[in-house]
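# Commentary on secondary and tertiary structure
Next come the chains, spelled out residue by residue.
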Amino acid sequence: MSFGVLVLLLALCIFSEIALAQDGGITRHYKFNIQMAKVTRLCHTKSMVTVNGKFPGPRIVAREGDRLLIEVVNNVPNNISIHWHGIRQLRSGWADGPAYITQCPIQTGQSYVYNYTVVGQRGTLFWHAHISWLRSTVYGPLIILPKKGVPYPFAKPYKEVPMIFGEWYNGDPEAIINQAMQTGGGPNVSDAYTINGLPGPLYNCSSSAKDTFKLKVKPGKTYLLRLINAALNEDLFFSIANHSLTVVEADAIYVKPFQSDTVLLTPGQTTNLLLETKSQSPSANFLMAASPYVTGLATFDNSTAAGILEYEISSKSHHRNKKLPLFKPTLPAVNDTSFATNFTSKIRSLASPQYPANVPLNVDKHFLFTIGLGTSPCDHQNKSSCQGPNGTRFSASVNNVSFVQPNTALLQAHYSGQSNGVYSPDFPISPLHWFNYTGTPPNNTMVSNGTKVMVLPFNTSVEVIMQDTSILGAESHPLHLHGFNFFVVGQGFGNFDPKQDPKNFNLVDPIERNTVGVPPGGWVAIRFLADNPGVWFMHCHLEIHTSWGLKMAWLVLDGRLPNQKLLPPPKDLPKC
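Computed from a predicted structure; not experimentally measured.

## Some remarks on the UniProt feature "domain: Plastocyanin-like" (unreviewed entry) in the chain
Under the UniProt annotation, the feature "domain: Plastocyanin-like" (unreviewed entry) is placed at residues 34-148, 160-312 and 435-558. The span residues 34-148 is 0% helical and 46% strand by assignment, and the distance between its end C-alpha atoms comes to 32 Å. Between the first and last C-alpha atoms of residues 435-558 the distance is 36 Å; the span itself is 5% helix and 46% strand.

Printed below as a string of structure tokens:
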């Protein structure tokens, strides 16, 4: 090799490193061993599915612009898949994770490398299993830091603390959902809520220090709390006794800061809070509590998870060896929809030059989706053996279509041109039968069944009105969209009025997020730009409703340019 060529190659290498440094993106490798582990909570020890033997699972940390290569090795009897909740997955739908939507699950003894780049995102997200109810134990934080040298749009915190909420079952959640699907009735509820995997001192047989998450803080400091609701089936209130919280981010989107003593997160949502500690150690401890917000008629776990906020006490303090008083917060009532409405109305995008709210102002396609419960016929010979309403089975649907899980992944069927018999491209754009959605429910509550997708040309601007129904009770439904963020341009109670309600839409600074709670007996309006080719799941993040069929999929076609097309599938993509 000549000296000139060597100099040229060296210059290219240096240029590449400079370009990489400017972009801030590096490749980060993680390995997830899916394995059984024995875990004890509430005096119950059980063997359960975990990642690397940890509960909750390991924290993933990356920066905006980084590429992630996460090898998942399945060492348990269950099939597994992992979803990177909130990651846009631009052109990389093969790494999105929902079983039988973008991939076949990883079978026992098999592995798969999730390969994706974090583009234009920073903030708190999380990862979780996306098959059956395995996400009850298989979940963890996914923290995306800004690019190097890019500050937060708020004062730099002294310390950052992920706090992930979950649900603990003394029994096996897989057995619980299997039994519910067999009987057609509702599932057994959880035995506790958890904060970072720990129930806290308010439960029986959970009083020891190892059962409680403790946050030790210094006086006069600002802490960034990264809250994640990974619970299976409940929205959760959260509050810290005698402390005000400042909301600065929702679903990895910066928001206009506002103060609140209590915050609310649906399953699938994340919220970043600034906690300013008191200027001097108050010689007291403070409970950090999470309790459910429930609007439906079903039974639920009416308990409270708690952690403890402890101030550092100097060695000279006369309080050092005394038992300190413990203050408890006052949380809203379990059905406080007024608080929920007021809180969510305060969440608005920063909408600054650096972080604009690029809400679609012109809409190409309008959709009205009814969201709610329903029934299916009992398939047992003895109708009385079905435990749903009046001898039926509980079901759930979007536009009265209860989604039937296919036997092969929708994305693979689409990409290979073999969709016949897998799905049909005729999901209804609006309900086939109009009724007073939030009034007296119709006599016929039966749903239809099918594996239907909504097809969108690339770059279509979309508006979806998601309308709750009163069938089997009005209820708040947290709807999660894969592959996109959307703007919440409006919401209200009662039936959506297509003539009057759009006049009040917020098209200036609406919150942009990936999961939104449809108000009980109400509606929410979202807008997004279909600029990401692939098949994208949309479903209720209450796991029981997903099991009952409250889910559908969007198929976004390739654009004309090379950078508008879905990337080819990886060679190690699991097979069904």
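## Here we look at the sheet that holds strand β3 (residues 60-63)
As summarised here, the arrangement of the four strands in space is β3-β8-β7-β5, forming an open sheet in which the pairing is mixed. In this open sheet, the two edge strands, each paired with only one partner strand, are β3 and β5 (82-85). On average, each strand axis in the sheet is tilted by 20° relative to the strand beside it, whichever way the strands run. In this sheet, strand β8 (residues 139-145) lies alongside strand β7 (residues 123-129) in antiparallel orientation, the contact comprising six bridges.

## A word on empty space enclosed by the protein
For the structure on display, the rule yields two cavities of 30 Å³ or more. Around the largest cavity, the lining residues are R122, G123, I144, P146, Y152, L224, R226, E249, Y254 and N272. When its residues are assigned to classes, the lining of the largest cavity shows five nonpolar, two polar and three charged. Approximately 30 Å³ is the volume attributed to the second largest cavity. For the lining of the second largest cavity, the secondary-structure elements that each account for two or more residues are β5 and β27 (477-481). Here the residues of the lining of the second largest cavity sort into four nonpolar, six polar and one charged.

## What about the environment of D235?
Secondary-structure assignment places D235 in strand β13 (residues 235-240). Sequence spacing of D235 and T266 is 31 residues, and the spatial spacing of their C-alpha atoms is 4.1 Å. Discounting chain neighbours no more than four positions away, the residues touching D235 are N229, L264, L265, T266, P267, S291, P292, Y293, S476, P478 and L542.

## Notes on the pattern of salt bridges
If you walk through the whole model with that rule in mind, you get twelve salt bridges. Across the pair R28 and D66 runs a salt bridge whose closest N-O atoms are separated by 2.4 Å. Of this pair, R28 sits in strand β1 (residues 27-41) while D66 is found in the loop between β3 and β4 (67-74), placing the two residues 38 residues apart along the sequence. For R28, a relative accessible area of 23% gives the class partly exposed. Residue E543 pairs with R135 through a salt bridge whose shortest N-O separation is 2.5 Å. Here R135 lies in the loop between β7 and β8 and E543 lies in helix α5 (residues 543-548), a separation of 408 residues in the sequence. Of the residues examined, E543 reaches a relative accessible area of 8% and is grouped as buried. Through salt bridges with shared partners, one network takes in K256, R348 and D509.

## A few points about unusual backbone geometry
Cis geometry marks the peptide bond from F55 to P56; its omega dihedral reads -10°. As for its position among the elements, P56 is in the loop between β2 (44-51) and β3. Of note, the phi angle at S132 is positive, near 50°, even though the residue is not glycine. Examined against the element boundaries, S132 turns out to sit in the loop between β7 and β8. S132 gets classed as partly exposed once you look at its relative accessible area, which sits at 35%. Backbone geometry places N242, a non-glycine residue, at a positive phi of 60°.

## As for the sheet that holds β2
Reading across from one edge, β2-β1-β4-β6 is the order of the four strands in this open sheet, with mixed pairing throughout. Pairing within the sheet leaves two strands with one partner each, and these edge strands are β2 and β6 (111-117). Each strand of the sheet is rotated relative to its neighbour by a mean of 25°, with strand direction disregarded. Where β1 meets β4, eight bridges bridge the pair, whose relative direction is parallel. Bridging from a neighbouring strand, F32 pairs with V72 of β4.

## Concerning the confidence of the model for the chain
Overall, the predicted model of the chain reaches an average pLDDT of 94, with 94% of residues at or above 70. Within the chain, helix α1 (residues 3-23) has the poorest average pLDDT of any element, 38, and strand β12 (residues 222-229) the best, 99. Below a pLDDT of 50 lies the segment residues 1-22, which in the model reaches three contacts outside its immediate sequence neighbourhood of four places, other chains included.

## Details of helix α3 (residues 337-345)
An α-helical turn contains 3.6 residues, so any two residues separated by three or four positions project in the same direction. Taken together, the buried positions of α3 are occupied by T337, F339, A340 and F343. Buried residues of α3, seen end-on, are gathered within an arc of 155° and therefore sit on one face of the element. Residues of α3 that are buried in the fold lie against β13, β14 (245-250), β15 (253-260), β16 (262-265), β18 (285-293) and β28 (486-493).

The rules behind these values
- Residues numbered from 1 in each chain as written.
- Predicted model: local features only at pLDDT ≥ 70, side-chain atom pairs only at ≥ 80, totals over all residues.
- Heavy atoms only, no water.
- UniProt positions renumbered as here; feature names shortened; annotations may be inferred.
- Helix = DSSP H or I, 4+ residues; strand = E, 2+ residues; numbered from the N terminus.
- Pairing = 2+ DSSP bridges.
- Axes fitted to C-alpha atoms, helices over the stretch in contact; angles between N-to-C directions.
- 1 Å grid on protein atoms, 1.4 Å probe; cavity = no way out; pocket = protein on both sides within 12 Å on 5 of 7 lines; lining within 4 Å.
- Points joined across faces, edges and corners; volume = space filled by probe spheres on them.
- Nonpolar A, V, L, I, M, F, W, Y, C, P; charged D, E, K, R; others polar.
- Contact = heavy atoms within 4.5 Å.
- Salt bridge = Lys/Arg side-chain N within 4 Å of Asp/Glu carboxyl O.
- Buried < 20%, exposed > 50% of the residue type's maximum accessible area, 1.4 Å probe, protein only.
- pLDDT = per-residue confidence, 0-100.
- Arc of directions from axis to C-beta.

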